[in-house]
Amino acid sequence: MDAFHSTYLTKCADLGVDPLRTVLETCKGQSKSPLDRGDGTTAAKRAKDARTKLDLSGQSIPLKPCTALAAAIAVDTVFTKLVLADAFLGDDGCILVAGALKTNATITHLDLRGNSIRADGATALGQMLKVNSTLKSLMLEWNCIGIWEVGVRAIADALSVNQTLEELDLRNNKIGPQGAQTLAQCLKHNTALLKLDLRWNNVGLIGGRAFVDLLKWNMVLEELPLTGNEIPEDVSESMAAGLTRNHTRRANELATRAHSSHLSSTLQALAQSHQETLSTLTTKLASSDSHAQSLQQRMAMASREIAESQDAYRVLEARLERLMKEKAETEEVLTRERGEGRKVIAELQAQLNAERENRIRTETTRQKSASDSSKKALELEASLREAELRVEVLKRDKTMLLEDLEKSKEKERNLNDVWEERLQRLETSHHNKLLALQDAKDSEIGEKTRRLEERVKVLEHEKNLVEEELDAQKAKALAEKRHLLDKIGETETRIRKEEETRRHDLESKLDQLTRHRDTLQSDLSAQMTLHTTHLKTHETESKRLQDERLALHDQVTTTKADLGRAQAEAAQWKARCEEAKREVKAVEDKCAGLQAEVGRLKDEVAREREGRRADVERLQAVVASKEGMVARLKEEVRKREAELDERDEENLIKMKELQLSINSLLTQRTRKHQLRSSVDVAQ
């Protein structure tokens, strides 16, 4: 902000002009405003938007102040929105602003509505768009870019290169069929523009067909409003189908990206869990190794003390008897553990039964959903009958609207005659008084201009009201049709999603069971290896003790107890391994049953889908017949509206020419007044 403020003041001083008060107030307000603490509240967001927006709309900006402003914008790094609507920039001011945006890297929204931009300004904007990579929204409503093909060609060429602009507003720019064809041809190579607004131009049938051909190649454009361009209904429907396809494709891409990110996060979580499991197993293995080393050390100590423990042979035999008793007790413990294993198997069988009950409930739910689908089909038929009744009502309303339209057209013609007579009288009076009232000419012209604009606004308002009523009736009929199609699409989508969800759930369960089986198998192999090692060690020690028949010290007794615990652990691991084998087998059987169940469910879903497809085709045939009837009615309305639109077009052209002349006159008067003011200030 400091760089913008200092550059602006320095440039104004170099050019000898006074800084714009609005710009200074904006800089002052930003320097005093508190920093955004990121609390996420609505007030904080509004404050942040106000600090990043430079709004100079409705102000007349002369060429020199505009030069200073452009120099400051070129080095600014704070503002993201620049609003210069109705600022009387013209081509010269537009060239300056476009040159500044070639180096600016923060502004994403530019508003240049109502600035009388023509070929030179449009060419400058096109050159800017070729090098600018931050601008996302460009508003050019109420300009004259389409009067010359050079301006439209420059913007179209820029769109074929620019891959960041997402919204372009070209309403009321007098763009003809040739300009529309140019835009459509260049947009075939654009992969970023989402919305192109061309309402109230002169695109016509040729331009409409060019955009239909564009949508065969462009898979990104989602919004293309073309109201007031005299495009036939069939061409509009073709464009609407292409735009709907692009919108659906973009939504699918976003969903796919979200699903991919979710899968990547899931895989990362699984990898982390796998690493944690490996670290846990490594820790356990290290503890087992340390325990084995301690046992070896104790055995070495026992071997050194064997020579000193021969007198304890009888004590050893007594202790050996006690060990035999402990062995018997250990066998009893093993018997109890086997009983507990049988209980676990019974619990697993109970879980299998519960899984079967869940499958039965799932089947019941599917049958219920089938009955709901049939009910919805009946509801769709009822809504179709209601749509037929509404079409009849629309026919009657349409007849009444046509009568009202004829009356309004007659009223408009009368008003035009009165207006022309008054205009002639005013012109005669103005010609007679021009020489005598030269000093009062400015005020009289302003008053006459205001009256004429009020007359034009009244006539345009009446025409817009009638057109809005007709558009509302058309939109209502189209909404009914789209509602029926949406219901059919929603039914198919819901069935498809249910099938996909069920399939994904079964696949995830199968993957989990497979991973569990692999884990159990790896644990089983590790425990079997450990058990074999312990058995070999135990057998070696037993043989050596029996051959030597030597007495052991208290520490040897402790070692024996440790060996007994190791045997008990080995027996437990062996029992667990056997149990794991049984669980793996049960899981494999369960997986086979689930796979068979999945196959059966797929067959049932396929049969149900075939039945619903037949119902949908029947409903589509009924809807097509109703659409044909509506199309015939629309054709009759279009023929009658064409006659009225031809007359309205002539009046509209005259009004626009008059408005342009008035705007040019006001611009000239404003410039003269500014020149006089600058001369007075210089004096």
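Note that the structure is predicted; figures quoted are calculated from it, not measured.

### A look at the overall build of the chain
Inference 1: Within the chain, the secondary structure is distributed over 13 helices and 6 strands.
Inference 2: The burial tally for the chain puts 29% of its 683 residues in the buried class.
Inference 3: Of all intrachain contacts in the chain linking residues separated by at least 6 positions in sequence, the fraction that spans at least 24 positions is 86%.
Inference 4: In the structure as shown, the chain presents an accessible area of about 42800 Å², 54% of it carried by carbon and sulfur atoms.

### Description of the sheet that holds strand β2 (residues 81-83)
Inference 1: Here 6 strands make up an open sheet; going across it, the order is β1-β2-β3-β4-β5-β6 and the pairing parallel. With partners counted over all chains shown, the strands left at the sheet margins are β1 (53-55) and β6 (195-197), one partner each. On average, each strand axis in the sheet is inclined to that of its neighbour by 0°, with strand direction left out of account.
Inference 2: Alignment of strand β3 (residues 109-111) against strand β4 (residues 137-139), held across 3 bridges, turns out to be parallel. Opposite L110, over in β4, you have L138 as the bridge partner.

### Comments concerning helix α5 (residues 90-101)
Inference 1: With 12 residues, α5 should reach 16 Å at 1.5 Å per residue; the first-to-last C-alpha distance of 17 Å fits that figure.
Inference 2: Within the sequence span of α5, burial applies to G90, D91, G93, C94, V97, A98, A100 and L101.
Inference 3: Where α5 is buried, its residues meet α4 (63-74), β2, β3 and α6 (119-131).

### Considerations on helix α1 (residues 2-15)
Inference 1: With 14 residues, α1 extends 20 Å from end C-alpha to end C-alpha; this agrees with the ideal 20 Å at 1.5 Å per step.
Inference 2: Phi for G16, located one or two positions after α1, is positive at around 75°.

### What to know about the nonpolar core
Side chains of a nonpolar character, in soluble globular proteins, are inclined to be buried together.
Inference 1: Ranked by size, the top nonpolar core spans 68 residues in total, and within it L140, L168, L196 and F211 carry the most contacts.
Inference 2: The leading source of residues in this core is α4, at 6 residues.
Inference 3: Not counting residues up to four positions away in its chain, the partners in contact with F211 are A180, A184, L196, L198, V203, L224, L226 and M239.

### Side note on the packing of α5 against α6
Inference 1: Packing of α5 against α6 leaves a shortest axis separation of 8 Å and a crossing angle of 5°. When the axes of α5 and α6 are compared, the pair comes out roughly parallel. Residues D91, C94, I95, A98 and L101 of α5 touch α6, and the partners they reach there are A119, D120, G121, A124, L125 and M128.
Inference 2: Grouping the constituent residues of the contact of α5 with α6 by class yields 8 nonpolar, 1 polar and 2 charged.

### Concerning the side chain of H109
Inference 1: If you trace the backbone, H109 turns up in strand β3.
Inference 2: Discounting residues that sit within four places of it in the chain, H109 has contacts with T80, K81, L82, L135, S137 and M139.

### Overview of the packing of aromatic side chains
For any pair of aromatic rings, the description consists of the separation of the ring centres together with the inter-plane angle of the planes.
Inference 1: If you walk through the whole model with that rule in mind, you get 2 aromatic pairs.
Inference 2: Aromatic side chains F4 and Y8 sit 6.4 Å apart centroid to centroid with 5° between the ring planes, which places their arrangement in the stacked category. Highlighted residues: F4 and Y8, both in helix α1, separated by 4 residues, approximately one helical turn.
Inference 3: In this structure F4 comes out as buried when scored by relative accessible area, which is 0%.
Inference 4: Aromatic pair F4 and F79: ring centres 5.2 Å apart, planes at 80°, arrangement edge-to-face. Of this pair, F4 sits in helix α1 while F79 sits in the loop between α4 and β2, placing them 75 residues apart in sequence.
Inference 5: In this structure an aromatic cluster arises from ring pairing among F4, Y8 and F79.

### With respect to a nonpolar patch on the surface
Inference 1: Nonpolar side chains collect at one region of the surface, where I147, W148 and V150 lie side by side and expose about 280 Å² of accessible area between them.
Inference 2: Mapping V150 onto the fold places it in helix α7 (residues 149-161).

### Looking at the packing of α6 against α7
Inference 1: Running from N to C, α6 and α7 point in directions that differ by 5°, and their axes come no closer than 8 Å. As judged from the angle between their axes, α6 and α7 are roughly parallel. Residues A119, A122, T123, G126, L129 and K130 of α6 pack against V150, G151, A154, I155, D157, A158 and V161 of α7.
Inference 2: Partitioning the contact of α6 with α7 into residue classes produces 8 nonpolar, 3 polar and 2 charged.

### Quick look at a negative patch on the surface
Inference 1: Taken together, E230, E406, E643, D645, E646 and E650 make up a surface patch of like negative charges.
Inference 2: Looking at the negative patch, the element that brings in the most residues is helix α13 (residues 554-682), giving 4 residues.
Inference 3: Within the secondary structure, E643 is located in helix α13.
Inference 4: Judged by its relative accessible area of 53%, E643 falls in the exposed class.

### A word on unusual backbone geometry
Inference 1: Even without being glycine, D86 reaches a positive phi, approximately 55°.
Inference 2: Its place among the elements puts D86 in the loop between β2 and α5.

### A look at the pattern of salt bridges
Inference 1: By the definition in use, this model includes 12 salt bridges.
Inference 2: A salt bridge links K188 to D213, with the shortest nitrogen-to-oxygen separation between them at 2.8 Å. Placement of K188 in the loop between α8 (177-186) and β6 and of D213 in helix α9 (residues 204-217) is noted, with a sequence separation of 25 residues between them.
Inference 3: Judged by its relative accessible area of 23%, K188 is partly exposed.
Inference 4: Linked by salt bridges that have partners in common, E141, D169, R171, D197 and R199 make up one network.

Conventions and cut-offs
Residues numbered from 1 in each chain as written. Predicted model: local features only at pLDDT ≥ 70, side-chain atom pairs only at ≥ 80, totals over all residues. Heavy atoms only, no water. Helix = DSSP H or I, 4+ residues; strand = E, 2+ residues; numbered from the N terminus. Buried < 20%, exposed > 50% of the residue type's maximum accessible area, 1.4 Å probe, protein only. Contact = heavy atoms within 4.5 Å. Areas by Shrake-Rupley, 256 points an atom, 1.4 Å probe, with all protein chains shown as cover. Pairing = 2+ DSSP bridges. Axes fitted to C-alpha atoms, helices over the stretch in contact; angles between N-to-C directions. Expected span 1.5 Å × (residues − 1). Core = buried A, V, L, I, M, F, W, Y, C linked by side-chain atoms within 4.5 Å. Parallel < 35°, antiparallel > 145°, perpendicular 65-115°, else oblique. Nonpolar A, V, L, I, M, F, W, Y, C, P; charged D, E, K, R; others polar. Phe/Tyr/Trp six-rings, centres within 6.5 Å; stacked < 30°, edge-to-face > 60°. Patch = residues over 30% accessible without salt bridge, like charges linked within 9 Å, V, L, I, M, F, W, Y side chains within 5 Å. Salt bridge = Lys/Arg side-chain N within 4 Å of Asp/Glu carboxyl O. Lys, Arg positive; Asp, Glu negative; His and termini not counted. Charge placed at Lys NZ, Arg CZ, Asp CG, Glu CD.

All quantities given are derived from atomic positions and should not be read as evidence of function.
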